[in-house]
Amino acid sequence: MRNIIAALFKTCLVLFLLGGTCLVLGQLGGLLLQNGDMVIKTWDIFANPTFTISAIGGVLGFILGYFPKEKMEEVDIYSSDEFSEEVENVR
């Protein structure tokens, strides 16, 4: 279940970032072209879907915090002989 919610959260995050980018670039383009209608239409097209997706992503992120993380095998990254040799060479 955690994997499904994590995948949905990541999808919402990507969609939210894309929608926000389109919103900002569209309004910036309208500003540079001095086209007020473009600014307004960009807001009308991208604002509600982007904000809705971000709210859904926020709720999914909140829910995701209640699922335990999968335990990873604890690996000692400093246990290799290569690291020990480098430490000896520094001394």
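Located above this text is the structure these notes cover.
Now for a quick tour of the structure. The shown structure was predicted, so the numbers you read here are calculated from the model rather than taken from an experiment.

### Here's the deal with the overall build of the protein
Thinking step 1. Of the regular secondary structure elements, the protein holds three helices and zero strands.
Thinking step 2. Going from N to C terminus, the protein has its helices and strands arranged as α-α-α.
Thinking step 3. Here the protein, with 91 residues, has 15% of them falling under the buried criterion.
Thinking step 4. Sequence separation of at least 24 residues holds for 67% of the intrachain contacts in the protein that already meet a minimum separation of 6.
Thinking step 5. Carbon and sulfur atoms provide 65% of the accessible area of the protein, an area that totals close to 7600 Å².

### Some thoughts on the packing of helix H1 (residues 2–32) against helix H2 (residues 36–64)
Thinking step 1. Packing of H1 against H2 brings their axes to within 8 Å, and their N-to-C directions diverge by 160°. Taken together, H1 and H2 sit at an angle that is classed as roughly antiparallel. You can see that H1 and H2 cross each other, and the crossing is left-handed.
Thinking step 2. Of the residues belonging to the contact of H1 with H2, the class tally is 20 nonpolar, eleven polar and one charged.

### As for the packing of aromatic side chains
Thinking step 1. Under the defined criterion, the tally for this structure stands at two aromatic pairs.
Thinking step 2. Measuring from ring centre to ring centre gives 5.7 Å for Trp 43 and Phe 51, while their planes differ by 65°; the resulting arrangement is edge-to-face.
Thinking step 3. Trp 43 gets classed as partly exposed once you look at its relative accessible area, which sits at 41%.
Thinking step 4. Between the aromatic rings of Phe 62 and Tyr 66, the centroid separation amounts to 5.4 Å while the plane-to-plane angle is 75°, which identifies the pairing as edge-to-face. Of the two residues examined, Phe 62 and Tyr 66, each falls in the exposed class.

### Some words on the nonpolar core
Thinking step 1. In terms of nonpolar packing, the biggest core is built from five residues, these being Ile 5, Ala 6, Cys 12, Leu 60 and Leu 64.
Thinking step 2. If you list the elements that add at least two residues to this core, you get H1 and H2.
Thinking step 3. Ranked by the residues each element gives to this core, the list is headed by H1, at three residues.
Thinking step 4. Not counting the four nearest positions on each side in its chain, Cys 12 is found in contact with Ile 53, Ile 56, Gly 57 and Leu 60.

### Some details on a nonpolar patch on the surface
Thinking step 1. Taken together, the side chains of Leu 25, Leu 28, Leu 31 and Leu 32 make up a nonpolar region of the molecular surface, amounting to roughly 440 Å² of accessible area.
Thinking step 2. Its place among the elements puts Leu 32 in helix H1.
Thinking step 3. On the basis of relative accessibility, which here comes to 65%, the residue Leu 32 falls in the exposed class.

The rules behind each value
- Residues numbered from 1 in each chain as written.
- Predicted model: local features only at pLDDT ≥ 70, side-chain atom pairs only at ≥ 80, totals over all residues.
- Heavy atoms only, no water.
- Helix = DSSP H or I, 4+ residues; strand = E, 2+ residues; numbered from the N terminus.
- Buried < 20%, exposed > 50% of the residue type's maximum accessible area, 1.4 Å probe, protein only.
- Contact = heavy atoms within 4.5 Å.
- Areas by Shrake-Rupley, 256 points an atom, 1.4 Å probe, with all protein chains shown as cover.
- Axes fitted to C-alpha atoms, helices over the stretch in contact; angles between N-to-C directions.
- Parallel < 35°, antiparallel > 145°, perpendicular 65-115°, else oblique.
- Left-handed = near helix turned anticlockwise from the far one by under 90°.
- Nonpolar A, V, L, I, M, F, W, Y, C, P; charged D, E, K, R; others polar.
- Phe/Tyr/Trp six-rings, centres within 6.5 Å; stacked < 30°, edge-to-face > 60°.
- Core = buried A, V, L, I, M, F, W, Y, C linked by side-chain atoms within 4.5 Å.
- Patch = residues over 30% accessible without salt bridge, like charges linked within 9 Å, V, L, I, M, F, W, Y side chains within 5 Å.
- Salt bridge = Lys/Arg side-chain N within 4 Å of Asp/Glu carboxyl O.

Read these as layout, nothing more, since geometry by itself doesn't imply function.
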